[in-house]
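Spelled out, the chains give:
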Amino acid sequence: MLVHMRYFASLREAIGIEAETISLPQGVEDLQGLRRFLAARGDVWSEAFAEDKALRAAINQELVKASASLKDQAEVAFLPPVTGG
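Here is a short report on the structure shown in this document. Everything quoted here is computed from the prediction, not taken from an experiment.

## Here we look at the packing of aromatic side chains
Right, so step 1: Summed over all chains, the structure comprises four aromatic pairs.
Right, so step 2: Judged by centre distance (5.7 Å) and plane angle (80 degrees), the rings of Y7 and W45 are edge-to-face. Residue Y7 is located in strand β1 (residues 2-7), and its partner W45 is located in helix α3 (residues 43-48); the two are separated by 38 residues in the primary sequence. Across this residue pair, the class does not change: Y7 and W45 are buried.

What follows is the structure in C-alpha cells.
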C-alpha cells in the first residue's frame, strides 16, 4: 500500500522533511501501525513518533483517531497539537 505523507510544524522541523510517499509493509493497516513503523526508522523518527508524543493525524484532510484505517494512495498528515494564546 502506498501512502502520501505530510508532516507539519515542529514535527517537520524535527524530522527534516515536509512530505514523502512510502510503501507500507504488510500488516501496517491503521494510523497506530503507521506511527510505529515511522518510529522504527530510529534516530529523530523514534523521538518524533514516540507513543507518548501528542500528535494529531488526518487522512485525506479529515482529522481522525489513531485507530483509523489506511487505504492505498491516501494522504496522511501528522501534526503536533495546536495551542492558542
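## Quick word on the side chain of R35
Right, so step 1: By secondary structure assignment, the location of R35 is in helix α2 (residues 31-39).
Right, so step 2: In this structure the side chain of R35 is engaged in a polar contact, spanning 2.6 Å, whose partner is the backbone oxygen of A50.

## So, the pattern of salt bridges
Right, so step 1: Enumeration according to the criterion identifies two salt bridges in this entry.
Right, so step 2: R41 is paired through a salt bridge with E20; the nearest N and O atoms lie 2.8 Å apart. Note that R41 is positioned in the loop between α2 and α3 and E20 in strand β2 (residues 19-23), a separation of 21 residues in sequence.

## Here's the deal with the layout of surface pockets
Right, so step 1: The space that makes up the largest pocket amounts to roughly 300 Å³.
Right, so step 2: Lining the largest pocket are 16 residues, with L31, Q32, R35, A66 and F78 positioned closest to its centre.
Right, so step 3: Elements supplying a minimum of two residues to the lining of the largest pocket: α2, β3 (56-59) and β4 (62-64).
Right, so step 4: A total of five residues in the lining of the largest pocket trace back to one element, the largest contributor, which is α2.
Right, so step 5: When grouped by side-chain class, the residues that make up the lining of the largest pocket number ten nonpolar, one polar and five charged.

Calculation notes
- Residues numbered from 1 in each chain as written.
- Predicted model: local features only at pLDDT ≥ 70, side-chain atom pairs only at ≥ 80, totals over all residues.
- Heavy atoms only, no water.
- Phe/Tyr/Trp six-rings, centres within 6.5 Å; stacked < 30°, edge-to-face > 60°.
- Helix = DSSP H or I, 4+ residues; strand = E, 2+ residues; numbered from the N terminus.
- Buried < 20%, exposed > 50% of the residue type's maximum accessible area, 1.4 Å probe, protein only.
- Polar contact = N/O pair within 3.5 Å; in protein donor to acceptor, adjacent residues only side chain to side chain.
- Salt bridge = Lys/Arg side-chain N within 4 Å of Asp/Glu carboxyl O.
- 1 Å grid on protein atoms, 1.4 Å probe; cavity = no way out; pocket = protein on both sides within 12 Å on 5 of 7 lines; lining within 4 Å.
- Points joined across faces, edges and corners; volume = space filled by probe spheres on them.
- Nonpolar A, V, L, I, M, F, W, Y, C, P; charged D, E, K, R; others polar.

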